[in-house]
Amino acid sequence: MVDDVSRMLRYIQPSGDEVSLDFLLKSTETKDYLTQLRRADMGPATILNYIKNMIRYERFQEGKKSLQECQAVLRKAKKDMLSVYGRLLEGDHVASEGKTMFCYYCEAILILSHFQRPGAVEAITTEEWDNRKHSGGKVCVAVSEHNTVTMQIAVFALTIEEAAMLDTYCTWIHPDSIRPDVDNTNRLFVLPSGTEIRSATNDLSRLHQHYKLPNIKSQQIRRTVETDVAAIFTEELKASPTTWWVKLRDLQRPECGITFRHLGRHIKSSYRELTRADDARATANLTLGEKNPSTRSRLSRLYALTAKGVL
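Let us look at the structure shown here. (Residues numbered from 1 in each chain as written. Predicted model: local features only at pLDDT ≥ 70, side-chain atom pairs only at ≥ 80, totals over all residues. Heavy atoms only, no water.)

A word on the overall build of the protein chain
Step number 1: Along its length, the protein chain carries 16 helices and three strands.
Step number 2: Looking at the 311 residues of the protein chain, the share that counts as buried comes to 44%.
Step number 3: Taking contacts inside the protein chain between residues at least 6 apart in sequence as the whole, the part at least 24 apart equals 62%.
Step number 4: For the protein chain, the computed accessible surface area is about 16,800 Å², with 51% contributed by carbon and sulfur atoms. (Helix = DSSP H or I, 4+ residues; strand = E, 2+ residues; numbered from the N terminus. Buried < 20%, exposed > 50% of the residue type's maximum accessible area, 1.4 Å probe, protein only. Contact = heavy atoms within 4.5 Å. Areas by Shrake-Rupley, 256 points an atom, 1.4 Å probe, with all protein chains shown as cover.)

Dropping the structure here:
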């Protein structure tokens, strides 16, 4: 498909490096290209395939969203989630729906902010969460066994605030969902019935539905970031792990272990290079409430401002 589209676009738009939807207005050039295909003795089926691929490309361009658009649900839900967070810490009653949405929000953080595949989100265990490591102002988590295409260890680095959200879920919501007669295989995210979540993709969709926003899937945001990364990083930057790692961090892209197809090997090596020294100093099984009291107090202040209507 890519080859067909690129050849046709270059014929229709012979100059320039930026691709736009202007080709939709160039009917003469499009007809000329199809005529050239016929003159090259290409059969009707092949020509039809070119046309179908261009239609797919046009639909893709029109449906493409920015990173900000993909993360809209996180921003819209944040005020409500801070409210739930504060009530949980204060021991106030939180309705079942509020707890469920809080769980969905935590899953959304991993998928939309850290670009994890749903399979990795579904597979994270309580033990892996307990073994998180604090390093460089981030909270690093590794998921070793998951049913994704790559089957590689999924690693992500949460901000302190994001980690506090997940820790609150783990401390106050997760235990209430555990049933002694139900095997949840020690998964972090579980249903109120006690079983492990069935589909992080469906949970993300329900969160979007709740806030009346267009649904965003894992593949969409990963494609968006993949395109952004490809546009930002030159071959020289890709060949210099430390340099592009800093640039990636400064642009608020994922800080650890992204496994996009064209950058996977660089990211893996960079993660090992930049965390080897930190891992030697980092202490496993840190508890946010005990080791990082500022985390809860910071979010508590945000909750207080939200309650007063400041945020």
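More follows now that the structure is in view.
Re helix H6 (residues 96-113)
Step number 1: If you check H6, its first and last C-alpha atoms are 25 Å apart, about what 18 residues at 1.5 Å a residue would give, namely 26 Å.
Step number 2: The buried fraction of H6 amounts to 13 of the 18 residues, a majority that puts the element mostly inside the structure. (Expected span 1.5 Å × (residues − 1).)

Here we look at the nonpolar core
The nonpolar side chains of a soluble globular protein tend to be buried with one another.
Step number 1: Residues Phe102, Leu112, Leu158, Tyr169 and Phe189 are the most contacted members of the largest nonpolar core, which totals 54 residues.
Step number 2: Ranked by residues supplied to this core, first place goes to H6 with eleven residues.
Step number 3: Excluding its chain neighbours within four sequence positions, the residues that come into contact with phenylalanine 102 are Met81, Val84, Tyr85, Met165, Thr168, Tyr169 and Ile173.
Step number 4: Counting residues in each nonpolar core, the second largest holds ten residues, with Val5, Leu9, Leu37 and Met54 among its members. (Core = buried A, V, L, I, M, F, W, Y, C linked by side-chain atoms within 4.5 Å.)

Re the pattern of salt bridges
Here the idea is simple: oppositely charged side chains can pair when their charged atoms come close.
Step number 1: Scanning all chains against the criterion turns up four salt bridges.
Step number 2: Two residues, lysine 99 and aspartate 176, come together in a salt bridge whose shortest N-O distance is 3.4 Å. Within this pair, whereas lysine 99 is found in helix H6, its partner aspartate 176 is found in helix H9 (residues 160-177), the two being separated by 77 residues in sequence.
Step number 3: Judged by its relative accessible area of 25%, lysine 99 is partly exposed.
Step number 4: For aspartate 176, a relative accessible area of 47% translates into the label partly exposed.
Step number 5: In this structure, arginine 187 and glutamate 196 form a salt bridge, with 3.9 Å as the shortest nitrogen-oxygen distance.
Step number 6: The class of arginine 187 is buried, set by a relative accessible area of 19%.
Step number 7: Judged by relative accessible area, which is 28%, glutamate 196 ranks as partly exposed. (Salt bridge = Lys/Arg side-chain N within 4 Å of Asp/Glu carboxyl O.)

Some details on the pairing of strand S2 (residues 138-143)
Step number 1: Across three bridges, strand S1 (residues 133-135) lies against S2 in antiparallel orientation. Residue pairing for S2: serine 135 is matched across the bridge by lysine 138.
Step number 2: Looking at chain direction, S2 and strand S3 (residues 154-158) are connected through five bridges and run antiparallel. If you follow cysteine 140 over to S3, its bridge partner there is alanine 157. (Pairing = 2+ DSSP bridges.)

Notes on the packing of aromatic side chains
Step number 1: Using the criterion set out here, one finds one aromatic pair in the structure.
Step number 2: Between tyrosine 169 and phenylalanine 189, the aromatic rings sit 5.3 Å apart at their centres with planes inclined by 35°, giving tilted as the arrangement. Linking tyrosine 169 in helix H9 with phenylalanine 189 in the loop between H9 and helix H10 (200-210), this pair joins segments that are 20 residues apart in sequence. Assigned by exposure class, tyrosine 169 and phenylalanine 189 land together as buried. (Phe/Tyr/Trp six-rings, centres within 6.5 Å; stacked < 30°, edge-to-face > 60°.)

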